[in-house]
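# Structure at a glance
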Amino acid sequence: QVQLAESGGGLVQPGGSLRLSCAASRSISSIYDMGWYRQAPGKQRELVAGIIISSGSTNYADSVKGRFTISTDNDKNTVYLQMNSLKPEDTAVYYCNAGILTIRGKYTYWGQGTQVTVSS
(Lines give C-alpha, C1' and ligand atoms only; values in the text may rest on other atoms or scores of the structure.)
Protein backbone atom coordinates (compact mmCIF):
# COMPACT_ATOMS: atom_id res chain seq x y z
CA GLN A 1 0.00 0.00 0.00
CA VAL A 2 0.93 3.63 -0.35
CA GLN A 3 -0.61 6.87 0.85
CA LEU A 4 -0.33 9.90 -1.40
CA ALA A 5 -0.59 13.52 -0.28
CA GLU A 6 -0.90 16.28 -2.87
CA SER A 7 -0.14 19.92 -2.26
CA GLY A 8 0.56 23.08 -4.21
CA GLY A 9 -2.81 23.84 -5.73
CA GLY A 10 -4.38 27.26 -5.67
CA LEU A 11 -5.62 30.21 -7.68
CA VAL A 12 -3.41 31.54 -10.45
CA GLN A 13 -3.90 33.97 -13.32
CA PRO A 14 -3.82 32.82 -16.93
CA GLY A 15 -0.22 32.52 -18.08
CA GLY A 16 0.99 31.83 -14.57
CA SER A 17 2.70 28.81 -13.07
CA LEU A 18 2.14 26.35 -10.24
CA ARG A 19 4.04 23.35 -8.99
CA LEU A 20 2.10 20.46 -7.54
CA SER A 21 3.74 17.98 -5.18
CA CYS A 22 2.74 14.43 -4.34
CA ALA A 23 4.45 12.91 -1.33
CA ALA A 24 4.35 9.12 -1.09
CA SER A 25 4.39 7.19 2.20
CA ARG A 26 6.93 4.70 0.87
CA SER A 27 10.00 4.78 -1.31
CA ILE A 28 8.91 5.64 -4.84
CA SER A 29 11.62 3.32 -6.16
CA SER A 30 9.26 0.52 -5.09
CA ILE A 31 6.43 2.00 -7.17
CA TYR A 32 6.01 1.08 -10.81
CA ASP A 33 4.49 4.26 -12.14
CA MET A 34 3.01 7.52 -10.95
CA GLY A 35 0.87 10.07 -12.62
CA TRP A 36 -1.19 13.19 -12.37
CA TYR A 37 -4.83 13.16 -13.37
CA ARG A 38 -7.37 15.95 -13.35
CA GLN A 39 -11.12 16.21 -13.23
CA ALA A 40 -13.06 19.32 -14.14
CA PRO A 41 -16.72 19.76 -13.14
CA GLY A 42 -18.96 17.67 -15.35
CA LYS A 43 -16.04 15.94 -17.04
CA GLN A 44 -14.34 12.60 -16.72
CA ARG A 45 -11.03 12.26 -14.94
CA GLU A 46 -8.19 12.38 -17.46
CA LEU A 47 -4.50 11.60 -17.43
CA VAL A 48 -2.35 14.72 -17.51
CA ALA A 49 1.14 13.26 -17.14
CA GLY A 50 2.69 9.96 -16.16
CA ILE A 51 6.12 8.59 -15.38
CA ILE A 52 7.55 5.10 -15.10
CA ILE A 53 9.77 5.35 -12.04
CA SER A 54 12.49 2.87 -13.01
CA SER A 55 13.12 4.26 -16.48
CA GLY A 56 12.01 7.86 -16.10
CA SER A 57 9.91 7.49 -19.22
CA THR A 58 7.17 10.10 -19.33
CA ASN A 59 3.98 10.71 -21.25
CA TYR A 60 1.70 13.72 -21.45
CA ALA A 61 -1.78 14.60 -22.60
CA ASP A 62 -1.63 16.53 -25.87
CA SER A 63 -3.31 19.49 -24.21
CA VAL A 64 -0.39 20.01 -21.78
CA LYS A 65 2.64 19.03 -23.87
CA GLY A 66 5.27 21.73 -23.76
CA ARG A 67 3.65 23.40 -20.75
CA PHE A 68 3.67 20.77 -17.99
CA THR A 69 6.56 18.68 -16.72
CA ILE A 70 6.42 15.65 -14.42
CA SER A 71 9.49 14.82 -12.35
CA THR A 72 10.54 12.89 -9.28
CA ASP A 73 12.75 13.37 -6.24
CA ASN A 74 13.53 9.87 -5.03
CA ASP A 75 15.20 11.13 -1.85
CA LYS A 76 11.97 12.89 -0.86
CA ASN A 77 9.66 10.19 -2.24
CA THR A 78 7.88 12.95 -4.11
CA VAL A 79 6.54 13.46 -7.61
CA TYR A 80 6.06 16.94 -8.98
CA LEU A 81 4.01 18.49 -11.72
CA GLN A 82 5.38 21.80 -12.92
CA MET A 83 2.65 23.67 -14.73
CA ASN A 84 3.54 26.70 -16.84
CA SER A 85 1.53 28.92 -19.16
CA LEU A 86 -1.64 27.93 -17.38
CA LYS A 87 -4.97 28.38 -19.13
CA PRO A 88 -8.50 28.63 -17.74
CA GLU A 89 -9.21 25.21 -19.19
CA ASP A 90 -6.57 23.75 -16.87
CA THR A 91 -8.92 24.46 -13.98
CA ALA A 92 -9.69 21.17 -12.24
CA VAL A 93 -9.03 19.03 -9.21
CA TYR A 94 -5.66 17.38 -9.73
CA TYR A 95 -5.08 13.90 -8.36
CA CYS A 96 -1.87 11.98 -7.83
CA ASN A 97 -1.87 8.31 -8.76
CA ALA A 98 0.55 5.48 -8.04
CA GLY A 99 0.69 1.98 -9.51
CA ILE A 100 2.30 -0.89 -7.63
CA LEU A 101 2.96 -4.24 -9.25
CA THR A 102 2.28 -7.44 -7.31
CA ILE A 103 1.99 -11.08 -8.25
CA ARG A 104 -1.77 -10.49 -8.36
CA GLY A 105 -1.44 -7.63 -10.79
CA LYS A 106 -1.21 -3.87 -10.64
CA TYR A 107 -2.83 -1.98 -7.80
CA THR A 108 -3.52 1.73 -8.10
CA TYR A 109 -3.76 4.30 -5.35
CA TRP A 110 -5.05 7.86 -5.33
CA GLY A 111 -4.44 10.99 -3.35
CA GLN A 112 -7.22 13.22 -2.09
CA GLY A 113 -6.76 15.82 -4.82
CA THR A 114 -5.79 19.46 -4.90
CA GLN A 115 -7.77 22.25 -6.57
CA VAL A 116 -6.19 24.31 -9.33
CA THR A 117 -8.11 27.35 -10.51
CA VAL A 118 -6.87 29.46 -13.41
CA SER A 119 -8.75 32.71 -13.56
CA SER A 120 -8.21 36.44 -13.82
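Here, the structure is the one placed above.
Keep in mind the model is a prediction, meaning the values are calculated, not measured.

## Notes on the nonpolar core
Burial of nonpolar side chains together is a common tendency in soluble globular proteins. Core analysis: the largest hydrophobic core is formed by 32 residues, its most contacted members being Leu4, Met34, Trp36, Leu81, Met83 and Tyr94. Of all the secondary structure elements, the ones that give two or more residues to this core are strand S3 (18-24), strand S4 (33-39), strand S5 (46-52), strand S7 (68-73), strand S8 (78-83), strand S9 (92-102) and strand S11 (114-118). Residue contributions to this core peak at five residues, all from S9. Once you skip the residues sitting within four places of it in the chain, Leu81 turns out to touch Leu18, Arg19, Leu20, Trp36, Val48, Ala49, Phe68, Thr69, Ile70 and Tyr94.

## Digging into the sheet that holds S8
Read across the sheet, four strands follow the order S1-S3-S8-S7 without closing on themselves; strand pairing throughout is antiparallel. Because the sheet does not close on itself, it has two edges, and the strands there are strand S1 (4-7) and S7. Going across the sheet, the axis of each strand differs from the next one's by a mean of 15°, ignoring polarity. The pairing of S1 with S3 spans four bridges and is classified as antiparallel.

## Details of the environment of Gln112
Inspection of the secondary structure assignment puts Gln112 in the loop between strand S10 (105-110) and S11. C-alpha of Gln112 to C-alpha of Gly15: the two residues are 97 residues apart in sequence and 26 Å apart in space. Leave out the neighbours within four places in its chain, and Gln112 touches Leu4, Ala5, Glu6 and Tyr95.

## Quick word on the pattern of salt bridges
Tallied over the full model, the rule gives five salt bridges. Ionic pairing is found between Lys106 and Asp33, a salt bridge with its closest N-O pair at 2.7 Å. In this pair, Lys106 sits in strand S10 while Asp33 sits in strand S4, placing the two residues 73 residues apart along the sequence. With a shortest N-O distance of 2.9 Å, Asp90 and Arg38 are connected by a salt bridge.

Calculation rules
- Residues numbered from 1 in each chain as written.
- Predicted model: local features only at pLDDT ≥ 70, side-chain atom pairs only at ≥ 80, totals over all residues.
- Heavy atoms only, no water.
- Core = buried A, V, L, I, M, F, W, Y, C linked by side-chain atoms within 4.5 Å.
- Buried < 20%, exposed > 50% of the residue type's maximum accessible area, 1.4 Å probe, protein only.
- Helix = DSSP H or I, 4+ residues; strand = E, 2+ residues; numbered from the N terminus.
- Contact = heavy atoms within 4.5 Å.
- Pairing = 2+ DSSP bridges.
- Axes fitted to C-alpha atoms, helices over the stretch in contact; angles between N-to-C directions.
- Salt bridge = Lys/Arg side-chain N within 4 Å of Asp/Glu carboxyl O.

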